[in-house]
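# Coordinates in review
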Amino acid sequence: MSKKLGKEKDQKEKKMFVVGVWSFAKEVKLLLTALLILCTFATVLQFLPSRFTISTSDLGVCISRVISPTTTTTTQLAPPPIATSSSALASLLAPLPSSPPPPPSMAPPPLLQEDRTLENGVINRGFNPYGAAAYSFVTMGAYRGGLNTFAIIGLASKPLHLYAKPTYQCQWIPHLNSSEPISAVGYKILPDWGYGHVYSVVVVNCTFSQPINTENSGGTLLIHASTSGGGDRNFNVTDTIQALTESPGSLSLSLFTSKPKYDYLYCGSPLYGNLSPQRVREWIAYHVRLFGERSHFVIYDAGGVHEEVLEVLRPWMEKGFVTLQDIKEQERFDGYYHNQFMVVNDCLHRYKFMTKWMFFFDVDEYIYVPPKSTIKTVLDSFSGYTQFTIEQMPMSSKLCLSEPAGRTYRWPNFRRWGFEKLVYRDVKKGIRRDRKYAIQPRNVYATGVHMSQNFAGKTTYKTNGRIKYFHYHGTIAVRREPCRNLINSTGITFDKTPYVMDTTMRDAAGFVKKFELKMIGSRLQRTRQ
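Remember, predicted model here, so these are calculated numbers, not experimental data. Starting from 1, residues in each chain are numbered consecutively following that chain's sequence as written. This being a predicted model, a pLDDT of at least 70 is required before a residue's local features are given, and a value of 80 or more before pairs of side-chain atoms are given or counted; all residues contribute to the totals for chains, interfaces and linings. Each side-chain value is worked out from all heavy atoms of the structure, with water and hydrogens disregarded.

## Things to note about the overall build of the chain
Regarding its fold elements, the chain presents 10 helices and 25 strands. We call a residue buried when its accessible area falls under 20% of the maximum for its residue type, exposed when it is over 50%, and partly exposed in between, using a 1.4 Å probe and counting protein chains only. Every one of the 529 residues in the chain was classed for burial, and the buried ones make up 41%. Any pair of residues with heavy atoms lying within 4.5 Å of one another is described as a contacting pair. Contacts spanning at least 24 positions in sequence make up 77% of the contacts within the chain whose residues lie at least 6 apart. Only DSSP runs of H or I covering at least 4 residues are called helices, and only runs of E covering at least 2 are called strands; the numbering of each starts at the N terminus.

## Notes on the pairing of strand 13 (residues 355-361)
A large share of strand 13 lies buried, amounting to 6 of its 7 residues. Two strands pair when backbone bridges link them, and strand 10 (residues 262-268) and strand 13 are joined in this way by 6 bridges, in the parallel orientation. Each bridged residue has a counterpart across the sheet, and for Y262 the counterpart in strand 13 is T355. Two strands pair if DSSP finds at least two bridges between them. Here strand 13 pairs with strand 18 (residues 436-439) via 3 bridges, running antiparallel. Bridge pairing links F360 to Y437 in strand 18.

## Brief notes about the state of the cysteines
Sulfur atoms of two cysteines make up a disulfide when they are within 2.5 Å. What the rule picks out here adds up to 3 disulfides. Sulfur-sulfur distance for the disulfide between C170 and C206 comes to 2.0 Å. With the S-S bond torsion at -70°, the cross-link from C170 to C206 turns out left-handed. One end of the pair, C170, is in strand 5 (residues 167-174); the other, C206, is in strand 7 (residues 199-207), and 36 residues separate them in sequence. Each member of the pair, C170 together with C206, is buried.

## As for the sheet that holds strand 8 (residues 219-226)
Pairing within the open sheet is antiparallel, and its 7 strands lie in the order 3-4-7-6-5-8-9. Sheet topology places strand 3 (138-144) and strand 9 (238-246) at the edges, where each strand pairs with a single neighbour. Geometrically, the sheet is characterised by an average inter-axis angle of 25° between neighbouring strands, direction not taken into account. Of the pairings in the sheet, the one linking strand 3 to strand 4 (residues 149-157) comprises 6 bridges and is antiparallel in character. Helix axes use the C-alpha atoms of the stretch in contact, all axes being lines fitted to C-alpha atoms, and the angles between their N-to-C directions lie in the range 0 to 180 degrees.

## Describing helix 10 (residues 504-520)
Compared with the 24 Å implied by 1.5 Å per residue over 17 residues, the 25 Å span of helix 10 between its first and last C-alpha is a close match. At G510, helix 10 shows its largest bend, some 30°. Those residues of helix 10 lying buried are M505, R506, A508, A509, V512, F515, E516 and I520. Looking at the packing, one finds that the buried side of helix 10 touches helix 5 (277-291), helix 6 (307-318), strand 14 (365-368), strand 16 (399-401), helix 9 (418-421) and strand 22 (468-471). Remark: G521 follows helix 10 within two positions and exhibits a positive phi of approximately 75°. The length a helix should cover is 1.5 Å for every residue beyond the first. What is called the bend at a residue is the angle between a pair of axes, fitted to the seven residues leading up to and ending at it and to the seven starting from it.

## Let's talk about the packing of aromatic side chains
Here a Phe, Tyr or Trp ring, Trp counted by its six-membered ring, pairs with any other such ring whose centre lies within 6.5 Å, and the pair is stacked when the planes are under 30 degrees apart, edge-to-face when over 60, and tilted otherwise. Counted by the stated rule, this structure contains 33 aromatic pairs. With 6.1 Å between their ring centres and 75° between their planes, Y135 and F333 make a pair best called edge-to-face. Note that Y135 is positioned in the loop between strand 2 (123-124) and strand 3 and F333 in the loop between strand 12 (322-326) and helix 7 (340-351), a separation of 198 residues in sequence. Classification of Y135 by relative accessible area gives partly exposed; the value is 49%. Linked through ring pairs, Y264, Y266, W283, F291, F297, W357, F359, F361, F382 and F388 together constitute an aromatic cluster. Positioned over the ring face of Y385 is K458, at 4.9 Å from the centre of the ring. In our convention, an over-ring charge means Lys NZ or Arg CZ found within 6 Å of a ring centre and within 35 degrees of that ring's normal.

## As for the environment of I476
With respect to the secondary-structure elements, I476 resides in the loop between strand 22 and strand 23 (485-487). Sequence separation of I476 and S397 is 79 residues, and the distance between their C-alpha atoms is 9.8 Å. In contact with I476, other than residues within four places in its own chain, are L275, S276, R279, V280, V363 and D364.

## Digging into the confidence of the model for the chain
pLDDT runs from 0 to 100 and stands for how confident the predictor is about each residue. When the pLDDT values of the chain are averaged, the result is 83; 78% of them are 70 or greater. Highest mean pLDDT in the chain belongs to strand 13 (98); lowest belongs to helix 3 (residues 85-93) (38). A low-confidence stretch, residues 50-107 (pLDDT under 50), is modelled with 35 contacts involving residues beyond four sequence positions or located in other chains. Across residues 408-414, confidence stays below pLDDT 50; counting only partners more than four residues off in sequence or on other chains, it has 14 contacts.

## Describing the nonpolar core
Residues W316, F359, F388 and I467 are the most contacted members of the largest nonpolar core, which totals 55 residues. No other element matches helix 5, which puts 8 residues into this core. I467 has contacts with F359, I367, Y368, V369, I375, V378, F382, F388, I390 and E391, leaving out every residue within four places of it along the chain. We call a set of buried residues a nonpolar core when its members are Ala, Val, Leu, Ile, Met, Phe, Trp, Tyr or Cys and they connect through side-chain atoms within 4.5 Å of each other. Counting 20 residues, the second largest nonpolar core, distinct from the first, contains F137, V202, F208 and I223.

## So, helix 7
An α-helical turn contains 3.6 residues, so a residue and the one three or four places further along point in the same direction. Taking 1.5 Å per residue, 12 residues should reach 16 Å; helix 7 reaches 17 Å between its end C-alpha atoms and fits that length. In terms of burial, helix 7 is largely enclosed, as 11 of its 12 residues are buried. Every buried residue of helix 7 is accounted for by Q340, F341, M342, V343, V344, N345, D346, C347, L348, H349 and Y351.

## As for the sheet that holds strand 25 (residues 497-501)
Spatially, 3 strands are ordered 17-25-24 in an open sheet, and the strand pairing comes out antiparallel. Single-partner strands in this sheet number two, and they are strand 17 (424-426) and strand 24 (491-494). Pairwise comparison of adjacent strand axes, ignoring direction, gives a mean angle of 35° for this sheet.

## Side note on the environment of H450
Relative to the elements of secondary structure, H450 occurs in the loop between strand 19 (444-446) and strand 20 (454-455). Residue classification places H450 among the partly exposed residues on the basis of a relative accessible area of 26%. A sequence separation of 13 residues divides H450 from Y437, and the C-alpha atoms of the two residues are 6.4 Å apart. In contact with H450, other than residues within four places in its own chain, are D434, R435, K436 and Y437.

Below, the structure written as structure tokens:
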């Protein structure tokens, strides 16, 4: 019985040994098969055309991804040349480096702050910053404000100004080596009322204790912009900005005392979108006639002055009435409404000594003065004020007067201008409506969209009907017939809003058309909507 049990035990051990060897043989077979496939693949690679070749580094990357799927690298190296089959196999079987060496031109990375355990057992965590959320300062322009004062207009990080106290130091470096640099504290103005997004508008005023460059030898204005602990309290980062350079003999001191070139200058908000050339045509002809020969219009293109709009503006540019500035680059910096506040402040300081009065309104708004007055008589009545605001007359952008026998869309009625057709005014009460404004710019330090809060002198809101503006909201970007609803009534309630017929602007259209023909001929007669 014991012998029988012993034989069974020996047989069982032999079977277990055979199974173990067989299992090991399977793994060996699998390994040998894999090696055979790799060698065959490496051999075939040599006979493929060059455009189908795969470098050994590519194979290495594939294998490394299989072996270590969580490993990532931010450095990209050039692939080595294709190796022979034996060298390819050797490179594949060689251990991969833990991380590729950085290229010689790359600066060494900052030391990482790792977590560490202090003696008292507290775990001290490390924080490692990368990149930057916003630029410290983005300049658009820098201009003189007098013999000893300058203004720098630009954008800066909104969180930096909202939660910290960044500072500015102004420095004038004369071109003459014998003269010493002059310094002054920069006074910052934030004119955008907190509307900024990533960036806020900043106007830096540099007022020195003495006149600058009166000998006209030239010099450079530097701005030292310091974060002063904003963002990272361990660092006070200072950026030195070359804001303005005056070459020898370039300063005209008479600029600050002579009569301005223009009586009236228009500073426009950025134009964007698919604007209607016909609406722009109507607007510019109307206002050139209103403001007269000693007027000028500065228009900023943020993407809205496409080729058809440019064709409408070109005759007036050739006549010297319009300056067009391309500011599409500012879209890189996320501010309020295509950086509208920065644009109007740049216009203020760029042209402040070139005009007596400066107007701020939009291209869907029409300034109006009563027939028995002129723009000159009205503004002369406000000469004692630095600023006055203008009352809004909101007009419907959809309601038009129905013409007899349905002639609204037939000749000559279909060639009627937009403000001829849209004759219904919103008369809803109890609504606070936006105002636009005009200023005497030599007394203004910074400005806004609807009014300025940084000026010397007085302002008035009581214009008593002497001046107003008709607002055709939503019409400037409509590339079709503006009349959507034809009305045969002096009053109507539409979309819960009461309207009354107001033909004030319609009555002026004929004079504007004759003026356009006189000034630039018939070249715009076939302008499209």
